[in-house]
Amino acid sequence: EDKVVQSPLSLVVHEGDTVTLNCSYEVTNFRSLLWYKQEKKAPTFLFMLTSSGIEKKSGRLSSILDKKELFSILNITATQTGDSAIYLCAVAGYSTLTFGKGTMLLVSP
Amino acid sequence: NAGVTQTPKFQVLKTGQSMTLQCAQDMNHEYMSWYRQDPGMGLRLIHYSVGAGITDQGEVPNGYNVSRSTTEDFPLRLLSAAPSQTSVYFCASSFRTGDWGTEAFFGQGTRLTVV
């Protein structure tokens, strides 16, 4: 059975802090790992990672994948209150996309 | 606008009632799926389809039926609603099964309450 584990499950930080969110996985027929941000509605796409060691960046967010150790991290630098959300990690096998439980991030002013 | 369209956005059912959640995409995506999201549980896969006429069960299929008669539509049926099915439901699609060159596209969700 495919499994995706995210940690921590929740996190409270102050504006300006840097945070690291973790995602480990056990998936047969691994194709890619995806990160999503979810506020009040549907998840919105952040990154897709397929190769180890190649960092993807978008503004203050970055992510990297380690296919040998089966994990990924999502970093957010200089956090802002608008970063408050649930961050979901998902791993794509051949025919399914399996999600972790998410990390709920709260950034206080 | 292109994308995944889910209807309705909100629904209240009485225990034992039936209903169908609609999902349609106009991107010619091969792969479509239904998830439910409960607090602290992430998204859990209910059913998925890798093409018209083909469906399969996900992690939590009990109490739900699906069909895929066309590429565009993937309705989710609750035959006899139960309070345990109170949840937010998301439909998602992607271009090609097994080739996640594009991310999954999500509908806006249906908030279902069963009383």
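Our structure's up above, just so we're on the same page.
How each quantity is defined
- Residues numbered from 1 in each chain as written.
- Chains lettered and ligands numbered in written order.
- Predicted model: local features only at pLDDT ≥ 70, side-chain atom pairs only at ≥ 80, totals over all residues.
- Heavy atoms only, no water.
- Helix = DSSP H or I, 4+ residues; strand = E, 2+ residues; numbered from the N terminus.
- Buried < 20%, exposed > 50% of the residue type's maximum accessible area, 1.4 Å probe, protein only.
- Contact = heavy atoms within 4.5 Å.
- Buried area = accessible area lost by both parts, 1.4 Å probe.
- Salt bridge = Lys/Arg side-chain N within 4 Å of Asp/Glu carboxyl O.
- Nonpolar A, V, L, I, M, F, W, Y, C, P; charged D, E, K, R; others polar.
- Pairing = 2+ DSSP bridges.

Draft legend 1. Region of interest: unusual backbone geometry. Backbone torsion omega between S7 of chain A and P8 of chain A reads -10 degrees, so that peptide bond is classified as cis. For P8 of chain A, the location among the structural elements is in the loop between β1 (3-7) and β2 (10-14). A cis amide bond links T7 of chain B to the next residue, P8 of chain B, at an omega of -5 degrees. Relative to the assigned elements, P8 of chain B resides in the loop between β1 (4-7) and β2 (10-13). Even without being a glycine, N29 of chain A presents a positive backbone phi close to 55 degrees. Of note, the phi angle at L70 of chain A is positive, near 60 degrees, even though the residue is not glycine. Residue placement: L70 of chain A occurs in the loop between β7 (61-66) and β8 (71-76). With relative accessibility at 34%, the residue L70 of chain A sits in the partly exposed group.

Draft legend 2. Geometry of the interface of chain A and chain B. Facing the 20 residues of chain A at the interface are 20 residues of chain B. For the pairing of chain A and chain B, the buried interface totals around 1,700 Å² over both sides, and the portion due to carbon and sulfur atoms is 62%. Linking chain A to chain B there are zero salt bridges. Those elements that place two or more of their residues in the side of chain A that touches chain B are β4 (32-38), β5 (44-49), β9 (85-92) and β10 (97-99) of chain A. Top element by residues in the side of chain A that touches chain B is β4 of chain A. It accounts for four residues. By residue class, the composition of the side of chain A that touches chain B is 11 nonpolar, six polar and three charged.

Draft legend 3. Broad picture of the pairing of strand β11 (residues 110-114) of chain B. Residue and element names in this part refer to chain B. A one-sided burial pattern is seen for β11, the buried positions being T110, L112 and V114 and the unburied ones R111 and T113. Bridge analysis of β2 against β11 gives four bridges, and the strand direction is parallel. Bridge pairing in β11 places L13 opposite V114. Note: strand β9 (residues 87-94) against β11, three bridges, orientation antiparallel. Bridge pairing in β11 places Y89 opposite T110.

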